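The chain contents come next:
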Amino acid sequence: MPQICKLLGYLIFFWSHETGEPVHVHVCKGKPVKDATKIWIEDEPRIEHNKSKIPQKDLNRILQWLSANKNFVINKWNEHFEQ
């Protein structure tokens, strides 16, 4: 479970066994959980689901960070999954 960063008290991370899926991150508070909010990193990051029930204000800030740091996230994904 590679951690990308912590933002607003939320952990942004990958699950290690998600090969074959497009680039995406999971977001939750505390320790990583299976049903953490899932955000696809495409042209613009978009929410797949919000099972962590992150408030919209925080989600908007997380999406802004992901959009501004999209290349960083994609590079981290490639480093991890192309090992």
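For the structure itself, consult the block above.
In this convention, every chain numbers its residues from 1, walking through the sequence in written order. Only residues with pLDDT of at least 70 are given local features in this predicted model, and only at 80 or more are side-chain atom pairs given and counted; all residues enter the totals for whole chains, interfaces and linings. Side-chain figures throughout are based on the complete set of non-hydrogen atoms in the structure, without hydrogens or water.

Caption draft 1: Layout of the packing of aromatic side chains. Pairing of aromatic rings covers Phe, Tyr and Trp, the last counted by its six-membered ring, and requires centre-to-centre distances within 6.5 Å; plane angles under 30 degrees mean stacked, over 60 mean edge-to-face, and any other angle means tilted. This structure, assessed with the given rule, holds five aromatic pairs. Taking 5.1 Å as the distance between ring centres and 90° as the angle between the ring planes, the aromatic pair formed by phenylalanine 14 and tryptophan 77 counts as edge-to-face. With phenylalanine 14 in the loop between strand S2 (10-13) and strand S3 (24-29) and tryptophan 77 in helix H2 (residues 70-81), this residue pair connects regions lying 63 residues apart in the sequence. Phenylalanine 14 sits in the buried class, given a relative accessible area of 1%. In this description a helix means any DSSP run of H or I spanning at least four residues, a strand means any run of E spanning at least two, and both kinds are numbered starting from the N terminus. Buried means the residue's accessible area, taken with a 1.4 Å probe over protein chains only, is under 20% of the maximum for its type, while exposed means over 50%, and partly exposed covers the values in between.

Caption draft 2: Focus on the pattern of salt bridges. By definition here, a salt bridge exists when the distance from a side-chain nitrogen of Lys or Arg to a carboxyl oxygen of Asp or Glu is within 4 Å. Scanning the model with the defined rule gives three salt bridges in all. Residue arginine 46 is joined to glutamate 42 by a salt bridge in which the shortest nitrogen-to-oxygen separation is 2.9 Å. The exposure class assigned to arginine 46 is partly exposed, which follows from its relative accessible area of 38%. Of the charged contacts in the structure, one is a salt bridge between glutamate 48 and arginine 46, with a shortest N-O distance of 3.9 Å. Several salt bridges share partner residues, and in doing so they unite Glu42, Arg46 and Glu48 into one network.

Caption draft 3: Representation of H2. Along its 12 residues, H2 runs 16 Å from first to last C-alpha, staying within 8% of the 16 Å computed at 1.5 Å per residue. Among the residues making up H2, those that are buried are Val73, Trp77 and Phe81. In a view along the axis of H2, the buried residues occupy a sector of 50°, so they form one face of it. Among the exposed residues of H2, those oriented more than 90 degrees off its buried face are Asn71 and Glu79. Expected helix span is computed as 1.5 Å times (number of residues minus one). Here the arc refers to the directions that run from the helix axis out to each C-beta atom.

Caption draft 4: Molecular detail of the side chain of lysine 38. By the secondary structure assignment, lysine 38 is in strand S4 (residues 37-40). Contacts described as polar in this section are N or O atom pairs within 3.5 Å, which, within protein, must combine one atom able to donate a hydrogen with one able to accept it, while residues neighboring in sequence count only if both atoms come from side chains. Within the local environment of lysine 38, its side chain forms a polar contact with the side chain of glutamate 21, the two groups lying 2.9 Å apart.

Caption draft 5: Spotlight on unusual backbone geometry. The backbone phi angle of leucine 8 is positive, close to 55°, even though this residue is not glycine. When you line up the elements, leucine 8 lands in the loop between strand S1 (3-7) and S2.

Caption draft 6: The arrangement of the side chain of histidine 24 in detail. Tracing the sequence through the fold places histidine 24 in strand S3. A polar atom in the side chain of histidine 24 sits 3.4 Å from the side chain of histidine 26. Contacts are assigned to residue pairs with any non-hydrogen atoms lying within 4.5 Å of each other. Aside from chain neighbours lying at most four places away, what touches histidine 24 is Phe14, Glu18, Lys38, Ile39, Trp40, Ile41 and Trp77.

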